[in-house]
Amino acid sequence: MKHASVFQRTLVRALGIVRGRKALARALRVPGSDLDAWLAGEESPPKWVFLAAVDIVVEASEPLGMPRRMRAPEQEPSLQ
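Summarised in this report is the structure supplied together with it. (Residues numbered from 1 in each chain as written. Predicted model: local features only at pLDDT ≥ 70, side-chain atom pairs only at ≥ 80, totals over all residues. Heavy atoms only, no water.)

A short note on the packing of helix α1 (residues 6-18) against helix α2 (residues 21-28)
Axis separation between α1 and α2 bottoms out at 8 Å; the angle between their running directions is 105°. As judged from the angle between their axes, α1 and α2 are roughly perpendicular. Touching Leu 11, Ala 14, Leu 15 and Val 18 of α1 are Arg 21, Ala 23, Leu 24 and Leu 28, all from α2. For the contact of α1 with α2, the per-class residue count stands at 7 nonpolar, no polar and 1 charged. (Axes fitted to C-alpha atoms, helices over the stretch in contact; angles between N-to-C directions. Helix = DSSP H or I, 4+ residues; strand = E, 2+ residues; numbered from the N terminus. Parallel < 35°, antiparallel > 145°, perpendicular 65-115°, else oblique. Contact = heavy atoms within 4.5 Å. Nonpolar A, V, L, I, M, F, W, Y, C, P; charged D, E, K, R; others polar.)

Structure (structure tokens):
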């Protein structure tokens, strides 16, 4: 995926997190054939699918698996 779009890269990252194509299609609530087209870069996913994949990636990268909305303010990274 040398010149993969941000859509493809995000979907591939989410694919690794949920551990499989069927699991990702189920998590995103989309047909496997649509997911295959997006992963191959043949089409761009709808915005809501992309944002759902971003949620998967973000949730997996939160410290201790704690969703951002549940962290205390002192746990938030500094923007400075």
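Digging into the pattern of salt bridges
Applying the stated criterion across every chain yields a total of 1 salt bridge. For the salt bridge of Asp 36 with Arg 21, the shortest nitrogen-to-oxygen distance reads 2.6 Å. With Asp 36 in helix α3 (residues 32-39) and Arg 21 in helix α2, this residue pair connects regions lying 15 residues apart in the sequence. Residue classification places Asp 36 among the partly exposed positions, given a relative accessible area of 34%. Given a relative accessible area of 33%, Arg 21 falls into the partly exposed group. (Salt bridge = Lys/Arg side-chain N within 4 Å of Asp/Glu carboxyl O. Buried < 20%, exposed > 50% of the residue type's maximum accessible area, 1.4 Å probe, protein only.)

Worth remembering: the numbers are spatial, not functional.
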